[in-house]
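The primary structure of each chain is shown beneath.
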Amino acid sequence: SDNLWDLAAAEVQAKENAEDDSAETERSVFFIGNKNGGKTSIILRCIDRDEAPKPTLALEYTFGRKAKGHNTPKDIAHFWELGGGTSLLDLTQIPITSENIRTFSLVLVLDLSKPNELWHTMDRLLQVTRKRVDKIVADIGKSNSKAANQIMQNIWKSIPNNHPDRELIDPFPLPLLIIGSKYDIFQDFESEKRKIICKTLRFISHYYGASLLFTNKAESHKSVLRSFVNHLAFGQDKSRLLSTDHNKPLIIPAGSDSLSQIGTPSASDSELRQVNARTPMELWKKTYERVFPPENRNDSKDLKDPAKDPQYAEREVDAMRAVKDQELEQYKRNADKSWKSMTLGPQTR
């Protein structure tokens, strides 16, 4: 039987737990991925906003609130979205800070209708984001090594202790959800191509300790999407659904897949022997790009001049800008004339 001291300690602990449950919490979720890949639509769907999505020019912010229960404070989720695909990588430094790193999550949205862009988009965005997170954790470690170690230990939470692949994977330093968008187009691809893309994304997600989800326009699947995003944004229970069939939308929570179930890259033994790869990730990349070679494109060309974008039109501002542009052009012409009219004096030795 418990003594008086044990009962008192248990009561204090119960009160602290009740206070924690009723306290307002804040989390941040950062959406990155293909340009025009559907990031904005996913955010609006998850916070129940019925409005037409607009193109994301650079870095945009919105928030959502959700109550834990009746007469309890609402939790707050900060949603950040990076526009321009891989064109504005420097902006990843803005939303990820040392203050929010412990409650920060990442959602990578990959456009399934553009398989030739898939690997490049995934690799560049995760590479830059990881570099930012590693720097923050290193900075925290300089003054608080215990806190930095705790952050690094938390990345293994989604992988069961007895998972056979724990020694073979390298979890991303933030909770990561990979979403394959535009499944409605993807489902019309040839079966073999769908299989290659599905196996590749399963490997990438499992290697990084991420959840993987394909989305379509079906109303029933929207609830699955909300479940995955709300788990990151509001700490709600994760969906326990599982689907690994490449003929159906994939639904694979983090830690529920394995390398043995995924299998080897979709290539013959002779083709695999010809691939010169130093790591499993490099092997999957090279075999994937044999089927879907990356397109040569300059990401910076995708960005339009925001001053000329009609969706950001401001009559008074645009009128003043036009006047200043004219003044600048006149100044350039006058300066050019002054330069040409200059005469050099006699040189002295």
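The protein chain is annotated in an unreviewed UniProt entry as Cytoplasmic dynein 2 light intermediate chain 1 of Engystomops pustulosus. Per UniProt, the comment on the protein chain under Sequence similarities (unreviewed entry) is "Belongs to the dynein light intermediate chain family."

K.L.:
What should I look at first to understand the overall build of the protein chain in this one?
P.N.:
A count of helical and extended segments in the protein chain gives 11 helices and seven strands. Burial analysis of the protein chain (349 residues in total) assigns 39% to the buried set. Residue pairs at least 24 apart in sequence account for 72% of intrachain contacts in the protein chain once pairs closer than 6 positions are excluded. Counting every atom, the protein chain has about 20800 Å² of accessible surface; 50% of that belongs to carbon and sulfur.

K.L.:
For this particular structure, what's the right way to read the nonpolar core?
P.N.:
In a soluble, globular protein the nonpolar side chains are often hidden away together inside. In this structure, Leu108, Leu176, Leu201, Ile204, Tyr208 and Phe214 are the most contacted members of the largest nonpolar core, which totals 51 residues. At 10 residues, the largest contribution of residues to this core is made by helix α3 (residues 115–143). Apart from residues no more than four positions distant in its own chain, Leu176 is found in contact with Leu106, Leu108, Leu126, Tyr208, Ala210 and Ser211. Within the second largest apolar cluster, 21 residues are counted, among which are Val29, Ile42, Ile179 and Ala233.

K.L.:
How should I be thinking about the sheet that holds strand β3 (residues 74–82) in this particular structure?
P.N.:
Working definition: the strands of a sheet are paired by backbone hydrogen bonds and lie parallel or antiparallel to each other. Pairing is mixed in the open sheet, where seven strands are placed in the order β2-β3-β1-β4-β5-β6-β7. Each having just a single partner strand, β2 (59–67) and β7 (251–252) make up the two edges of the open sheet. Alignment of strand β1 (residues 26–33) against β3, held across six bridges, turns out to be parallel. Bridged to Glu26 within β3 is Ile76. Against the sheet, α3 touches β1, β3, β4 (104–111) and β5 (176–181), its axis set at about 165° to β4.

K.L.:
Is there a simple way to think about the packing of α3 against helix α6 (residues 191–207) in this case?
P.N.:
Remark: α3 packs on α6, axes separated minimally by 12 Å, with the N-to-C direction vectors making an angle of 10°. With respect to each other, α3 and α6 are oriented roughly parallel. The residues of α6 that touch α3, namely those facing Pro115, Leu118, Trp119 and Met122, are Ile197, Thr200, Leu201 and Ile204. Considered class by class, the residues forming the contact of α3 with α6 number seven nonpolar, one polar and no charged.

K.L.:
I keep staring at the packing of aromatic side chains and nothing clicks. Help me out?
P.N.:
In this description, an aromatic ring pair is defined by two values, namely the gap between the centres and the angle between the planes. Under the counting rule described, the total for this entry stands at 13 aromatic pairs. With a centroid separation of 6.2 Å and an interplanar angle of 40°, the aromatic rings of Tyr183 and Phe214 are classed as tilted. One end of the pair, Tyr183, is in helix α5 (residues 183–186); the other, Phe214, is in strand β6 (residues 211–214), with 31 residues separating them in the sequence. Under the relative-accessibility criterion, Tyr183 is labelled buried at 3%. Of the residues examined, Phe214 reaches a relative accessible area of 0% and is grouped as buried. Aromatic pair Phe186 and Phe214: ring centres 5.7 Å apart, planes at 80°, arrangement edge-to-face. Of this pair, Phe186 sits in helix α5 while Phe214 is found in strand β6, placing the two residues 28 residues apart along the sequence. What makes Phe186 buried here is its relative accessible area of 0%.

About the cut-offs
- Residues numbered from 1 in each chain as written.
- Predicted model: local features only at pLDDT ≥ 70, side-chain atom pairs only at ≥ 80, totals over all residues.
- Heavy atoms only, no water.
- UniProt positions renumbered as here; feature names shortened; annotations may be inferred.
- Helix = DSSP H or I, 4+ residues; strand = E, 2+ residues; numbered from the N terminus.
- Buried < 20%, exposed > 50% of the residue type's maximum accessible area, 1.4 Å probe, protein only.
- Contact = heavy atoms within 4.5 Å.
- Areas by Shrake-Rupley, 256 points an atom, 1.4 Å probe, with all protein chains shown as cover.
- Core = buried A, V, L, I, M, F, W, Y, C linked by side-chain atoms within 4.5 Å.
- Pairing = 2+ DSSP bridges.
- Axes fitted to C-alpha atoms, helices over the stretch in contact; angles between N-to-C directions.
- Parallel < 35°, antiparallel > 145°, perpendicular 65-115°, else oblique.
- Nonpolar A, V, L, I, M, F, W, Y, C, P; charged D, E, K, R; others polar.
- Phe/Tyr/Trp six-rings, centres within 6.5 Å; stacked < 30°, edge-to-face > 60°.

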